[in-house]
Amino acid sequence: MYYMGIDVGSVSTNVVLLDGCLEVIEEIYLQSKGSPIKSICEGLEKLKGKYDSKQISGVGTTGSGRNIAAAVTGADIIKNEITTHSIAASYMDAEVQTILEIGGQDSKVILLRNGVISDFAMNTVCAAGTGSFLDRQAERLGIAIGELGNMALKSKVPVRIAGRCAVFAETDIIHKQQLGYEKEDLIAGLCYALVRNYLSNLCKGKEIKDKVFFQGGVAANQGIKKAFEDILDKEIIVPEHFKVMGAIGAAILSKEALENERKKTMFKGFNILKGKISTDSFECQDCPNHCEVIRIYSNNTMIGCFSDRCGKYQISDAKSKI
Amino acid sequence: MKITFPHLGDAYIAVRLLCNEMNVDCIVPPLNTMETLERGSRYSPEEICLPFKLMAGNLMEGIENGADTVVMVSSNGPCRLGEYGELLKSVLDKNGYHADWILLDTVQAIGIRELLKRAGLVWGGKKRSKLKLLGALKGVYKVIHSLERMEKEIHFRCGYEIERGRLKAILYKCKKDICHSDSINDALKIIENYSDKVKEIPLDREKNPVKVVLTGEIFSLIEPFGNQYLEDKLMDMGVSFSKRITIGWWIDTTFVQPLKRARMMSKKNGFLNYCIGGYAKDTVEEVIEAKKNHYDGVIQLLPLGCMPEIVVKSIMPDMAEELDIKILTVVFDEMNGEAGYITRIEAFIDMLQRRKQHVLYGY
Amino acid sequence: MFFFLYIIGLVGIKSISTVLNAENVRIKEAVSIKIGIPGGLLYHRYATFINTFINELDIECIFSIETNREILDMGVNSCVNEACLPMKIFHGHAVFLKNQCDLLWIPRIMKCKNSESICPKFCGLPEMVMSGTKRKEGVIDYPLYMDRKREVRHYLKKLSENLGCNENKALRAFKKAVISYGQAEKGIWDKEYPFIIFLAGHPYNIYDKFANMNLIDKLHSYGIGVITEEQVFDNNKEEEIKHLMKRPYWLFYKNNYGAGKYLVRNQKINGIVYISSFSCGIDSITIEMLKNDIGDFPFLILKIDEHTGEAGMNTRIEAFADMLERRRIH
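Keep in mind that this is a model prediction, so the values were computed, not measured. (Residues numbered from 1 in each chain as written. Chains lettered and ligands numbered in written order. Predicted model: local features only at pLDDT ≥ 70, side-chain atom pairs only at ≥ 80, totals over all residues.)

**Some words on the overall build of chain C**
Here comes step 1: Per the secondary structure count, chain C includes 14 helices and 10 strands.
Here comes step 2: Counting across all 330 residues of chain C, residues that qualify as buried make up 45%.
Here comes step 3: The long-range share in chain C, meaning contacts at least 24 apart out of those at least 6 apart in sequence, stands at 75%. (Helix = DSSP H or I, 4+ residues; strand = E, 2+ residues; numbered from the N terminus. Buried ≥ 20, exposed ≤ 12 C-beta atoms within 10 Å, placed from the backbone. Contact = placed C-beta atoms within 7 Å.)

**Describing the overall build of chain A**
Here comes step 1: Scanning chain A for helices and strands turns up 9 helices and 13 strands.
Here comes step 2: In terms of C-alpha radius of gyration, chain A reaches 21 Å, essentially the compact-globule figure of 20 Å for 322 residues.
Here comes step 3: Overall size of chain A, expressed as C-alpha extent along the three principal axes, is 65 × 50 × 40 Å.
Here comes step 4: Buried residues in chain A amount to 44% of all 322 residues.
Here comes step 5: A separation of at least 24 residues holds for 64% of the contacts in chain A among residues at least 6 apart in sequence. (Rg over C-alpha atoms; globule rule 2.2 N^0.38 Å.)

**As for the domain arrangement of chain A**
All names here are of chain A.
Here comes step 1: Taken as a whole, chain A is organised into domain 1 (2–85 + 246–273), domain 2 (94–238) and domain 3 (277–321).
Here comes step 2: Using C-alpha coordinates to define each centre, domain 1 is positioned 23 Å away from domain 3.
Here comes step 3: Taken together, the elements giving at least two residues each to the side of domain 1 that touches domain 3 come down to helix H1 (36–48) and helix H2 (66–73).
Here comes step 4: For the side of domain 1 that touches domain 3, the leading source of residues is H2, giving 4 residues.
Here comes step 5: Each residue belonging to the side of domain 1 that touches domain 3 can be placed in one class, and the counts come to 6 nonpolar, 1 polar and no charged. (Domains from an automatic or database assignment. Nonpolar A, V, L, I, M, F, W, Y, C, P; charged D, E, K, R; others polar.)

**Focus on unusual backbone geometry**
Here comes step 1: A cis amide bond links Asp210 of chain A with the next residue in sequence, Lys211 of chain A, at an omega value of -10°.
Here comes step 2: Mapped onto the fold, Lys211 of chain A is located in the loop between helix H7 (183–202) and strand S9 (212–215).
Here comes step 3: With a phi close to 55°, Met213 of chain C is a non-glycine residue in the positive phi region.
Here comes step 4: By the element assignment, Met213 of chain C lies in the loop between helix H9 (203–206) and helix H10 (215–221).
Here comes step 5: Look at Met213 of chain C and you get partly exposed, because 18 C-beta atoms sit within 10 Å.
Here comes step 6: Phi at Gln267 of chain C is positive, roughly 50°, even though this residue is not glycine.
Here comes step 7: Within the secondary structure, Gln267 of chain C is located in the loop between helix H12 (251–265) and strand S9 (271–277).

**Side note on the packing of H1 of chain A against H2 of chain A**
Residue and element names in this part refer to chain A.
Here comes step 1: Where H1 contacts H2, the two axes come as close as 10 Å, and the packing angle between them is 50°. Overall, the two elements H1 and H2 adopt an arrangement that is oblique. Crossing of H1 against H2: the hand is right-handed. Residue-level contacts link Pro36, Ile37 and Ile40 of H1 to Ile68, Ala69 and Val72 of H2.
Here comes step 2: The residue inventory of the contact of H1 with H2, partitioned by class, reads 6 nonpolar, no polar and no charged. (Axes fitted to C-alpha atoms, helices over the stretch in contact; angles between N-to-C directions. Parallel < 35°, antiparallel > 145°, perpendicular 65-115°, else oblique. Left-handed = near helix turned anticlockwise from the far one by under 90°.)

**Focus on the sheet that holds strand S3 (residues 69–73) of chain B**
All names here are of chain B.
Here comes step 1: In space, the 4 strands of this open sheet follow the order S2-S1-S3-S4, with parallel pairing throughout. A strand with exactly one partner marks an edge of an open sheet, and here the two such strands are strand S2 (25–27) and strand S4 (100–104). Each adjacent strand pair in this sheet contributes to an overall mean axis angle of 30°, direction not counted.
Here comes step 2: Note that strand S1 (residues 2–4) and S2 share 3 bridges and pair parallel. For Thr4, the partnering residue across the bridge sits in S2 and is Ile27. (Pairing = 2+ DSSP bridges.)

**Regarding the sheet that holds strand S12 (residues 292–298) of chain A**
All names here are of chain A.
Here comes step 1: Spatial ordering of the open sheet is given by S11-S12-S13, a layout of 3 strands whose pairing is antiparallel. In this open sheet, the two strands that pair with only one neighbour each are strand S11 (277–283) and strand S13 (301–306). Between one strand and the next, the sheet's axes are offset by a mean angle of 25°, whatever the strand orientation.
Here comes step 2: Sheet topology places S12 next to S13; 5 bridges connect them, and they run antiparallel. Across the sheet, residue Arg295 finds its bridge partner in S13, namely Cys305.
Here comes step 3: Where H2 meets the sheet, it contacts S11, S12 and S13, and its direction lies at approximately 165° from that of S13.

**Brief notes about the nonpolar core**
Here comes step 1: Residues Cys191 of chain A together with Ile197 of chain C are the most contacted members of the largest nonpolar core, which totals 266 residues.
Here comes step 2: In contact with Ile197 of chain C, not counting residues within four places along its chain, are Ile224, Val226, Ile269, Asn270, Gly271, Ile272 and Val273 of chain C. (Core = buried A, V, L, I, M, F, W, Y, C linked by C-beta atoms within 7 Å.)

**Brief notes about the packing of helix H4 (residues 131–141) of chain A against H7 of chain A**
Residue and element names in this part refer to chain A.
Here comes step 1: Following both chains from N to C, one finds H4 and H7 inclined at 165°, their axes separated by 11 Å at the closest point. Considering the angle they form, H4 stands roughly antiparallel to H7. As H4 packs across H7, the resulting crossing turns out to be right-handed. Along its contact with H4, which presents Phe133, Leu134, Gln137 and Leu141, the element H7 presents Lys183, Leu186, Ile187, Leu190 and Leu194.
Here comes step 2: Tallied by class, residues from the contact of H4 with H7 come to 7 nonpolar, 1 polar and 1 charged.

**Overview of the domain arrangement of chain C**
Where the parts come together, the accessible area they lose is often given as the size of the interface.
All names here are of chain C.
Here comes step 1: By the assigned domains, chain C splits into domain 1 (16–183) and domain 2 (195–329).
Here comes step 2: Tallying the contact residues gives 21 residues for domain 1 and 22 residues for domain 2.
Here comes step 3: For the side of domain 1 that touches domain 2, the elements supplying multiple residues, two or more each, are helix H2 (43–57), helix H3 (69–78) and helix H4 (85–97).
Here comes step 4: Among the elements that take part in the side of domain 1 that touches domain 2, H4 stands out by supplying 4 residues, more than any other.
Here comes step 5: Counted by class, the side of domain 1 that touches domain 2 contains 11 nonpolar, 5 polar and 5 charged residues.

**A word on the pairing of strand S6 (residues 98–102) of chain A**
Looking along a regular strand, one sees side chains alternate from face to face of the sheet.
Residues and elements named next belong to chain A.
Here comes step 1: The element S6 is extensively covered by neighbouring structure, given that 5 of its 5 residues are classed as buried.
Here comes step 2: The alternating pattern of S6 places Thr98, Leu100 and Ile102 and Ile99 and Glu101 on opposite faces, both of which are buried.
Here comes step 3: Of the pairings in the sheet, the one linking S6 to strand S7 (residues 107–113) comprises 5 bridges and is antiparallel in character. By the bridge assignment, Ile99 is partnered in S7 with Ile110.
Here comes step 4: Connecting the antiparallel pair S6 and S7 is a turn made up of 4 residues.

**With respect to the confidence of the model for chain A**
Here comes step 1: Mean pLDDT for chain A: 83, with 92% of residues reaching 70 or above.
Here comes step 2: Per-element confidence in chain A ranges from a low mean pLDDT of 76 for helix H6 (residues 166–179) of chain A to a high of 94 for S9 of chain A. (pLDDT = per-residue confidence, 0-100.)

**Structural notes on the interface of chain C and chain B**
Here comes step 1: The interface is formed by 29 residues belonging to chain C together with 37 residues belonging to chain B.
Here comes step 2: Elements with a contribution of two residues or more to the side of chain C that touches chain B: helix H5 (120–123), helix H6 (125–133) and helix H13 (281–294) of chain C.
Here comes step 3: In terms of residues, the side of chain C that touches chain B owes the most to one element, H13 of chain C, which gives 7 residues.

**Points about the pairing of strand S8 (residues 326–332) of chain B**
Residue and element names in this part refer to chain B.
Here comes step 1: For S8, a buried count of 7 out of 7 residues is recorded, marking the element as mostly surrounded by other parts of the structure.
Here comes step 2: Here S8 shows no split at all, with Lys326, Leu328, Val330 and Phe332 on one side and Ile327, Thr329 and Val331 on the other all buried.
Here comes step 3: In terms of strand pairing, strand S7 (residues 297–303) meets S8 through 7 bridges, oriented parallel. When the bridges of S8 are listed, Ile299 appears paired with Leu328.

**Brief notes about the environment of Asn269 of chain B**
Residue and element names in this part refer to chain B.
Here comes step 1: Among the secondary structure elements, Asn269 is positioned in the loop between helix H12 (258–266) and helix H13 (280–292).
Here comes step 2: The spacing of Asn269 and Glu151 is 118 residues in sequence and 29 Å in space, taken between C-alpha atoms.
Here comes step 3: In this structure Asn269 touches Val284, Glu285 and Ile288, once residues within four positions along its chain are discounted.

**Quick notes on the environment of His243 of chain C**
Here comes step 1: Note on placement: His243 of chain C falls in the loop between helix H11 (234–240) and H12.
Here comes step 2: Linking His243 of chain C and Glu82 of chain C, residues 161 residues apart in sequence, is a C-alpha distance of 34 Å.

**Re H1 of chain A**
Residues and elements named next belong to chain A.
Here comes step 1: Here H1 spans 18 Å end to end across 13 residues, near enough to the 18 Å set by a 1.5 Å rise per residue.
Here comes step 2: Every buried residue of H1 is listed here: Pro36, Ser39, Ile40 and Gly43. In a view along the axis of H1, the buried residues occupy a sector of 105°, so they form one face of it.
Here comes step 3: Each element contacted by the buried residues of H1 is listed here: strand S1 (2–8), strand S2 (12–19), strand S3 (24–31) and H2. (Expected span 1.5 Å × (residues − 1). Arc of directions from axis to C-beta.)

Laid out in structure tokens, this is it:
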């Protein structure tokens, strides 16, 4: 009895396996590198040797690539990352009331009351509060991203970095760098700037109550955690599996959904890796929308089709009945 | 004289029928697509709202297809819509798209006589039977209303559908057929026909779907491209939803019963007591109504930079708290990726669903 | 007969109620109400007016300080992200005054003269501020229609009731304020500089030195003098907007567009600098219309918001000054 959760994000693809009691027994964290299908296969490959297809009793997918992942693996449930993150967090600790999540390309705040989402906000437009901004700045300063957090902790006087926007903040960092500030102080300043951006973009008018969970890839960074603690004046908890919370939530949901509907999983088995999974895309010329339609094939049979607005390429039988 | 006009949702269906009936040459620009937006924004000022860019694109395409007169509605502020005409003319003229302009302004701004004069110009200055015109107007009014009635019915029934997708397919087929019909009577027959079909679709009355109200800025609500086909998505998700602001509603409040609206606008509601332009006050009132009618949530739509709706957005948290209703504000702009906002809508619907179950199971 | 009695009765009740009201007022006066006036938005333009009015009323009043970083930060944190810079600054001033006054005065300007308006956000300003600052009580928020005498009277009546002073006193103060505003020097017209440019934009962007980063002083340092739209006569502006399809209904659209075109056509200026806040709906149209109508003429648009860097602004102004210089030589 194992439940699989797959979170396909823009930066990383995570696969987790939970046992029947919903304990995490496998946790795989991979870089997406622009090809979600490849990284999904890579993740499955790692599980293939250890487990049998029949042992998997449910699959859930989430993240921006959730539909593709579902088409490839045959998922029982496809859920957005906001719901999955909150499910996982409230499963870990029923008293969680606030979830701060910072991922590679977007960031979210989720408020839970009695274990149910009561409000949320998500930022996709501004990069100033996301992991990719941090990556970029670390690279510019010539520091490995892993060391960023520890370096920030060493700082005594964080530099105040102006600007609420990634572009302006970067200009200011360059400026301050040239003025000769210490690297540690600059990095700490960067963490504070990111947290301030995050709070003003997402948390305006939202009541942040204990307990506060901080999850997502950026939660590995101690500097950001400290900045949150300082600014919010609250204890911030980074859960054990902070990197893969989305995937955990998807796995939990798959169990829940299958038990509610008393169904068997639609998981296609690890055998899918044997067959050839290929994609092709074309620009549909039927209307001026010119949708770039993507089709996924497994051994030359179409298993999924995406990004057509009108939905005419999708496998559906409802239409033919009119 | 060939007239063209910018798109606003399904208005083109009605305008085309009206022009057909009155023997006025009219060129319907192609429906809004990414291409329209790209063309429009190439010539538009950067910070103008999304509707302007789309309208600019529509008119360019209309003029390219042979139209020589642009007909547009206008308002008397303080929202930007009223200045659209002026700026559109200036932008299009500058880029070599010349046309005559007929600006159908509000009565308050130019007086009823001038309005009628301008409306007369649309008919090419020729004398046409007033009776026929009245008849045609009445017919088109009927088409709009019966189409909207059907649409509303579909939006509501969507949540109860047993086999998802059939109602949506009917709606699309119906609109397609109307576009090919030649007269108002044909169109009415088609709608009637499809309305019957809607009633035949089996429903699961035991279901308890999420019910939401769509509200916000009028263009984003009426023009499907302006809200990135949100209604389709809600129908796909099996959500029962209602939307009060439609073209029919706009016609009613602007021309048919302006006094009723004026009376409504002067009423205080405790959250926003004055009419501040646009449809801000309507949005606020709809949230209150939604609560009264036991809806689960409200989705507010606005294009980036819409001035009146920003005011509403700022009082939304208060309303959500005091009325105990969930509100999601979605800001559309052309730079936004689709993925982000779909996630938000999905998460919102999920949230409402889970809250509902919570209440049902009582834990 | 009965009818007469009825009338007398009515009058009687009315006079009693007036007395009662007067009683009320006296009690209020004894408490002495402190009114807070945020120094944002149109305060910059009407400072003379407001100061005289408050002086004449002889009430306790607290003004917020000049805009600074702290005020801006408070504003940014209490205002919706989508709003423009001046709105955020106003919010900041309101937060600053929030706990220091009994009544917070937030003008809700619905209409100006000739039924022109400013911006929808002005009509909903009290709601925005009340919701953003969490101060729901003790706010003067009634609508102000400046185009109708009766409405202004009504406004003054309500205001005097709230402030606990005599209505006639308020009216007198208002009249005095109008006179002193009329006599005051409005706008800027520098004459002793080699160049002169038309500094266009909303008054709260032009006169708020913090928001525009000392723009006027910067221009002066490059030898550029400034003229603002207040210095152009109304009838000249009116003349310039006559050819439009539709009469503009925004006050500042009319002012900036009309004045800009007039100054360009009569060759009174060397260039135009338009200072505008990001996402300003009115400026987005005004700038485009003006640009389309004046043709090839030096036109610099400076956009400001809470993260505008001063360095970028300096570069642009310097380049513009150079351009003016070069144009003169050629």
